[in-house]
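# Chain and residue survey
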Amino acid sequence: VVATRSAVMRLVAFARGAAVCSTENCARVLGVGGGGMGVGALALLGLRVGGGAVFLYGVVMSFSMPWFTVPNEAIPLDVMDQDPDVTRHRVGYMLSRELALNSGRLASMGLLMILYQKWPHPMTLVIFVLLASMAQGYVAWTGQRIWRRLHARVSPAFAEVPSPR
């Protein structure tokens, strides 16, 4: 039952996130997803670590993650759209993205293992999840910069649009 509710929430959030993620506000949508992940992690920190807190975290993450994922997946596609020679570079774009993502995953898992060996307490995991969730704000900021630079090439008026903060 919980998995079904989670899947329905993700489906609705993916559909809604895709519908509102346009060129002008993808960075804002990315920020909403990152903020939701931070709220979910704060719930783990604020509540006693147990089944209820983990359930609440899962619910918030099920809704928030698609708001982060949709615009984050759009970044490499937007970059490729601006490359007139995309047919020759497509594999390179995908490989570089996967290399960066998986290197980050490995580094975070290594850091988590080191921290948990040094401080083997459930709160270590909660703090790590909180910090990792809050780091998504940086991803939103860099995503905004990438989109602004890409679209300033296509439409100089886009560069004059105020930041979506």
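Refer to the structure printed above.
Residues numbered from 1 in each chain as written. Predicted model: local features only at pLDDT ≥ 70, side-chain atom pairs only at ≥ 80, totals over all residues. Heavy atoms only, no water.

### Some remarks on the pattern of salt bridges
Inspection of every chain in the model, using the stated rule, returns 3 salt bridges. Note that Asp 85 is salt-bridged to Arg 88, the shortest N-O span being 2.7 Å. For Arg 88, a relative accessible area of 63% translates into the label exposed. Between Glu 98 and Arg 97 there is a salt bridge, and its shortest N-O distance comes to 3.1 Å. Taking relative accessible area as the criterion, Glu 98 reaches 35% and is therefore assigned partly exposed. (Salt bridge = Lys/Arg side-chain N within 4 Å of Asp/Glu carboxyl O. Buried < 20%, exposed > 50% of the residue type's maximum accessible area, 1.4 Å probe, protein only.)

### Structural notes on the environment of Pro 66
If you trace the backbone, Pro 66 turns up in helix H3 (residues 51–81). A relative accessible area of 0% places Pro 66 in the buried class. Spatially, the C-alpha atoms of Pro 66 and Arg 10 are 6.4 Å apart, while their sequence positions differ by 56 residues. If sequence neighbours within four positions are ignored, Pro 66 has contacts with Arg 10, Ala 13, Phe 14, Met 61 and Pro 71. (Helix = DSSP H or I, 4+ residues; strand = E, 2+ residues; numbered from the N terminus. Contact = heavy atoms within 4.5 Å.)

### Structural notes on the side chain of Ser 64
For Ser 64, the location among the structural elements is in helix H3. Excluding anything up to four places from it in sequence, Ser 64 contacts Gly 33, Gly 36 and Met 37.

### Some details on the nonpolar core
In terms of nonpolar packing, the biggest core is built from 12 residues, these being Cys 21, Cys 26, Ala 27, Leu 30, Met 37, Met 61, Phe 68, Val 70, Ala 74, Ile 75, Ala 140 and Trp 147. Contributions of two or more residues to this core are made by helix H2 (26–46), H3 and helix H6 (136–154). It is H3 that contributes the most residues to this core, 5 residues altogether. (Core = buried A, V, L, I, M, F, W, Y, C linked by side-chain atoms within 4.5 Å.)

### Focus on a nonpolar patch on the surface
Together, Leu 42, Leu 45, Ile 127 and Leu 131 make up a nonpolar patch on the protein surface, roughly 350 Å² of accessible area in all. Elements supplying a minimum of two residues to the nonpolar patch: H2 and helix H5 (122–134). If you trace the backbone, Leu 45 turns up in helix H2. (Patch = residues over 30% accessible without salt bridge, like charges linked within 9 Å, V, L, I, M, F, W, Y side chains within 5 Å. Areas by Shrake-Rupley, 256 points an atom, 1.4 Å probe, with all protein chains shown as cover.)

### Focus on the packing of aromatic side chains
Per the stated rule, a full pass over the model turns up 1 aromatic pair. Considering the side-chain rings of Phe 63 and Trp 67, the 6.2 Å spacing of their centres and the 50° angle between planes classify their relative orientation as tilted. Highlighted residues: Phe 63 and Trp 67, both in helix H3, separated by 4 residues, approximately one helical turn. (Phe/Tyr/Trp six-rings, centres within 6.5 Å; stacked < 30°, edge-to-face > 60°.)

### Overview of the packing of H2 against H5
The N-to-C vectors of H2 and H5 enclose an angle of 165°; their axes lie 8 Å apart at closest approach. Viewed along their axes, H2 and H5 adopt a mutual orientation that is roughly antiparallel. With respect to the hand of their crossing, H2 and H5 are arranged in left-handed fashion. Counting all contacts with H2, which are made through Gly 34, Met 37, Gly 38, Ala 41, Leu 42, Leu 44 and Leu 45, the residues of H5 involved are Met 123, Val 126, Ile 127, Val 129, Leu 130 and Ser 133. Residues of the contact of H2 with H5, tallied by class, amount to 10 nonpolar, 3 polar and no charged. (Axes fitted to C-alpha atoms, helices over the stretch in contact; angles between N-to-C directions. Parallel < 35°, antiparallel > 145°, perpendicular 65-115°, else oblique. Left-handed = near helix turned anticlockwise from the far one by under 90°. Nonpolar A, V, L, I, M, F, W, Y, C, P; charged D, E, K, R; others polar.)

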